[in-house]
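Overview (structure and organization)
Here are the chains, one letter per residue:
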Amino acid sequence: MYFYTKFPLNMYAIIDCNSFYASCERAFDPSLIDKPLAILSNNDGCVISRSKEVKALGIPMGAPLFKYKTLIAEKNIQIRSSNYSLYGDMSERVMKLLEDFSPEVEVYSIDEAFVKLPYSENYQVVGLHIKQYIYQRTGIPVSIGIAPTKALSKAANNIAKKFPEQTQGCHVIDSEEKRIKMLKWLPVKAIWGIGVGNTKRLENKNVHTAYEFTQLADDWVKRNMSIIGLRLKKDLEGKPTIQLEESVVHKKAIATTRSFEFTFSDRENLKERIVTFASRCAEKLRGQNSSCNVIMVFLRSDRNKHNNVYVRSKRVLTLPYATNSTLIINQYALKALADIYKPGIAYKRAGVILTGLVDTNALQLDLFQNENPKHKKLMAAMDALNGKYGVQKIKMGNQDLQRTWKMRQAYLSPEYTTKFKDIIVLNCATI
Ligand SMILES: [Mg+2]
């Protein structure tokens, strides 16, 4: 039906880094390879990323560190504080490499991206090539799912992850037969973006697999699961419905990117654009009750202007703590812009991407994690304290970006890629 007799013209790939934070640590510290390794949240509170060895030991996502101290010691589990400077930078490297395969890349989260692949006779070969290409250049292992739609590519990725030996970490859905087989294997709850409510609704209707979901009447789906549910169903049927930069789920990265009507070369116009995009992102972030740890800003020049060189530049900054405050996000967005802006270039496109997202409710509250609605109250408290103890004893984090609030990070690895003093030194013996 929707599949072309041979191969579809457009295929989506989702590239997902395996145990991303753990893999970043391992890329620079090979002694961690094959060892159980867990990464901790801000202030070393709980586990936010686990290597497959840690998963196998039964430590759940979000496990509080203090509860698992004994097991960690017994099993010699390695732990690291989250090093977002390293992860943000490694993420950017991976994403940049993907642009070598297609101009259409959607950064979906800190460790995942959708790529619209150009036509190929053999997508399995393309997928394995991407995997090897990224591993050779970054040391990060990835899993890849390739299919005619985004929802199908996510499902294909599940298969690649579940069966790494059989698939070599890349699974392609390029025939009706494979699509049906996958849908019959995929439980409803594992469908991309389906959510807890819809899973319950479907299970109550005795619908347990993605295949059974696609057999439901469009009317029923639309009535009970809204237009979003229906679009998801179409996507699973193999009909591309959810476009790049479009999502059905609670997002793991929030982006606002636009092409300008005219090209801009002056700093002031770009500043205005970036602040607008960053504010919009912060709003979306608060809308889904998340906070972010990493901000990326990019600029592109006009590819089609003949006399211009095509310029694309990107800057990744790590925030001093997870936040969804517009004030702080804007300030860092402008700092990133200042780092990459070059006069004399006709910029045509720009964007702000927030990633390294965490649930705001799950953040351990401390004085400086108060968000925008509370800024007013915080100001009042600060003024009172400063009045009592002396001027400027307490400052907002955004008054001075050179000074960051120190988190508790007892197990922090070096910033191998973003700090000169942390760059690995190789000692080469002469024979
Ligand atoms: Mg991943």
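Residues numbered from 1 in each chain as written. Predicted model: local features only at pLDDT ≥ 70, side-chain atom pairs only at ≥ 80, totals over all residues. Heavy atoms only, no water.

**Here's the deal with the overall build of the protein**
Basically, it comes down to this: Helix and strand definitions here come from DSSP, where helices need a minimum of 4 consecutive H or I residues and strands a minimum of 2 consecutive E residues; each element is numbered from the N-terminal end. Each residue's exposure class comes from its accessible area (1.4 Å probe, protein chains only) as a fraction of the maximum for that residue type: buried when under 20%, exposed when over 50%, partly exposed otherwise. Only heavy atoms enter the contact rule, under which two residues are in contact if any of them lie within 4.5 Å. Per-residue and other accessible areas follow the Shrake-Rupley method at a 1.4 Å probe size, with only the shown protein chains counted as cover for residues.
In terms of helices and strands, the protein carries 14 helices and 13 strands. A total of 431 residues make up the protein; the buried ones form 52% of that total. Look at the contacts in the protein between residues 6 or more apart in sequence, and 68% of them connect residues 24 or more apart. Accessible surface computed for the protein: about 21,500 Å², of which carbon and sulfur atoms make up 53%.

**Structural notes on the packing of aromatic side chains**
Any pair of aromatic rings gets described here by the distance separating the centres and the angle formed by the planes. As a reminder, the rule being used: Pairing of aromatic rings covers Phe, Tyr and Trp, the last counted by its six-membered ring, and requires centre-to-centre distances within 6.5 Å; plane angles under 30 degrees mean stacked, over 60 mean edge-to-face, and any other angle means tilted. Charge-over-ring placement is defined geometrically: NZ (Lys) or CZ (Arg) within 6 Å of the ring centre, and within 35 degrees of the ring normal.
What the rule picks out here adds up to 12 aromatic pairs. Centre to centre, the rings of phenylalanine 260 and phenylalanine 264 are 4.9 Å apart; their planes meet at 45°, and the pair counts as tilted. Seen in terms of ring centroids, tyrosine 341 and tyrosine 347 are 6.2 Å apart; in terms of plane orientation they differ by 40°. Their pairing is tilted. Both residues of the pair, tyrosine 341 and tyrosine 347, count as buried. In textbook terms, an aromatic cluster arises when at least three aromatic residues are bridged by ring pairs, as seen for Phe20, Tyr21, Tyr84 and Tyr87. Above the plane of the ring of tyrosine 211 lies lysine 184, whose end atom (NZ or CZ) is 4.6 Å from the centre. The side chain of arginine 300 reaches across the aromatic face of phenylalanine 298, ending 4.8 Å from its centre.

**Concerning the sheet that holds strand β3 (residues 47–50)**
Heads up, the rule is: A strand pair is defined by DSSP finding two or more bridges across the two strands. Note on geometry: axes are lines fitted to C-alpha atoms, helical ones only across the stretch in contact, with angles between N-to-C directions running from 0 to 180 degrees.
Here 3 strands make up an open sheet; going across it, the order is β3-β2-β4 and the pairing mixed. Edge strands, defined here as strands with exactly one partner in the open sheet, are β3 and β4 (78–81). Direction aside, the axes of adjacent strands within the sheet are offset by 30° on average. The strands that helix α1 (residues 20–28) touches are β2 (37–40), β3 and β4; relative to β2, the one it contacts most, it runs at about 110°.

**A few points about the confidence of the model for the protein**
Going by this rule: Confidence scores here are pLDDT values: one per residue, from the predictor, ranging 0 to 100.
The predicted model of the protein has a mean per-residue pLDDT of 84, with 84% of residues at 70 or higher. Low confidence marks residues 1–7, where pLDDT is under 50. Its contacts with residues over four positions away, or in another chain, come to 19 contacts. Predicted confidence for residues 391–405 stays below pLDDT 50, and this span has 32 contacts to residues more than four positions away or in other chains.

**Let's talk about the coordination of the magnesium ion**
Applied cut-off: In this listing, donors mean N, O and S atoms no farther than 2.8 Å from the metal, or 3.2 Å for Na, K and Ca; water is missing from the atoms, so a site can look incomplete.
Here the magnesium ion is held by Asp16 (OD), Cys17 (O) and Asp111 (OD), and the distances to it run 2.1 to 2.4 Å. All donors of the magnesium ion come from a single chain, and their spacing in sequence reads D-C-x93-D. Since its relative accessible area comes to 8%, aspartate 16 is described here as buried.

**Focus on the side chain of lysine 150**
For clarity, the cut-off: What qualifies as a polar contact is a pair of N or O atoms within 3.5 Å, subject to a donor-acceptor requirement within protein and to the restriction that residues adjacent in sequence count only when both atoms come from side chains.
Relative to the assigned elements, lysine 150 resides in helix α6 (residues 150–162). Side-chain polar atoms of lysine 150 contact the backbone oxygen of glutamine 243, separated by 3.0 Å.

**With respect to the environment of lysine 181**
With respect to the helices and strands, lysine 181 occurs in helix α8 (residues 176–185). With relative accessibility at 66%, the residue lysine 181 sits in the exposed group. Along the primary structure lysine 181 and tyrosine 211 are separated by 30 residues, whereas in three dimensions their C-alpha atoms are 8.6 Å apart.

**Regarding the pattern of salt bridges**
Defined as follows: Here, a salt bridge means any Lys or Arg side-chain nitrogen found within 4 Å of an Asp or Glu carboxyl oxygen.
Under the defined criterion, the tally for this structure stands at 21 salt bridges. Salt-bridge contacts for lysine 234 lead to aspartate 218; the nearest nitrogen and oxygen are separated by 2.8 Å. The shortest N-O distance in the salt bridge between glutamate 237 and lysine 233 comes to 3.0 Å. Among the residues examined, glutamate 237 registers a relative accessible area of 12% and is labelled buried.

**Quick notes on the pairing of strand β1 (residues 11–17)**
Across the 7 residues of β1, 7 count as buried, placing the element largely inside the fold. Burial along β1 is two-sided: the residues Met11, Ala13, Ile15 and Cys17 and Tyr12, Ile14 and Asp16 are all buried. Pairing geometry for β1 and strand β6 (residues 112–117), over 6 bridges, is antiparallel. Within β6, the position partnered with isoleucine 14 by the bridge is phenylalanine 114.

**Some points on the sheet that holds β1**
Strands sit in the order β5-β6-β1-β7-β8 across an open sheet of 5 strands; the sheet is mixed. Of all strands in the sheet, those with a lone pairing partner are β5 (105–109) and β8 (170–172), marking the two edges. Strand-to-strand, the axes of this sheet are offset by a mean angle of 15°, without reference to chain direction. Together, β1, β5, β6, β7 (142–147) and β8 form the strand contacts of α6, whose direction differs from that of β7 by roughly 140°.

**A few points about the packing of helix α9 (residues 195–204) against helix α11 (residues 218–236)**
The cut-off we apply is this: Angles below 35 degrees are treated as roughly parallel, those above 145 as roughly antiparallel, those between 65 and 115 as roughly perpendicular, and all remaining angles as oblique. Whether a crossing is left-handed or right-handed is set by the direction in which the near helix is turned from the far one by less than a right angle, anticlockwise for left-handed and clockwise for right-handed. We call Asp, Glu, Lys and Arg charged. Ala, Val, Leu, Ile, Met, Phe, Trp, Tyr, Cys and Pro are nonpolar, and the rest, Gly among them, are polar.
One can describe the packing of α9 onto α11 by two numbers: an axis separation of 11 Å at closest approach and a directional angle of 140°. One finds that α9 runs oblique with respect to α11. For the pair α9 and α11, the crossing hand works out as right-handed. The segment α9 lies against α11, with Asn198, Arg201 and Leu202 engaging Trp220, Asn224 and Met225. Across the contact of α9 with α11, the residue classes tally to 3 nonpolar, 2 polar and 1 charged.

**Examining the nonpolar core**
Which entries qualify depends on this criterion: The nonpolar core is taken to be a set of buried Ala, Val, Leu, Ile, Met, Phe, Trp, Tyr and Cys residues, with the residues joined through side-chain atoms within 4.5 Å. In this entry, domain limits derive from an automatic or database-based domain assignment.
Core analysis: the biggest nonpolar cluster contains 45 residues, and Ile15, Phe20, Tyr87, Leu98 and Ile146 have the highest contact counts within it. At 8 residues, helix α4 (residues 84–98) tops the list of elements feeding residues into this core. Residues from two domains meet in this core; each of domain 1 (1–173) and domain 3 (254–362) gives at least three. Discounting residues that sit within four places of it in the chain, isoleucine 146 has contacts with Met11, Tyr12, Ala13, Leu117, Tyr123, Gly127, Ser153, Ala156, Cys170, His171, Val172 and Ile173. Counting residues in hydrophobic clusters, the runner-up holds 31 residues, among them Ile14, Tyr108, Leu152 and Ile191.

**Digging into the pairing of strand β10 (residues 290–301)**
The element β10 is extensively covered by neighbouring structure, given that 12 of its 12 residues are classed as buried. The pairing of β10 with strand β13 (residues 358–359) spans 2 bridges and is antiparallel. Across the sheet, the residue bridging to serine 291 is valine 358, located in β13. As paired elements, β10 and strand β11 (residues 312–323) share 8 bridges and run antiparallel to each other. Note on β11: the bridge partner recorded for leucine 299 is serine 313.

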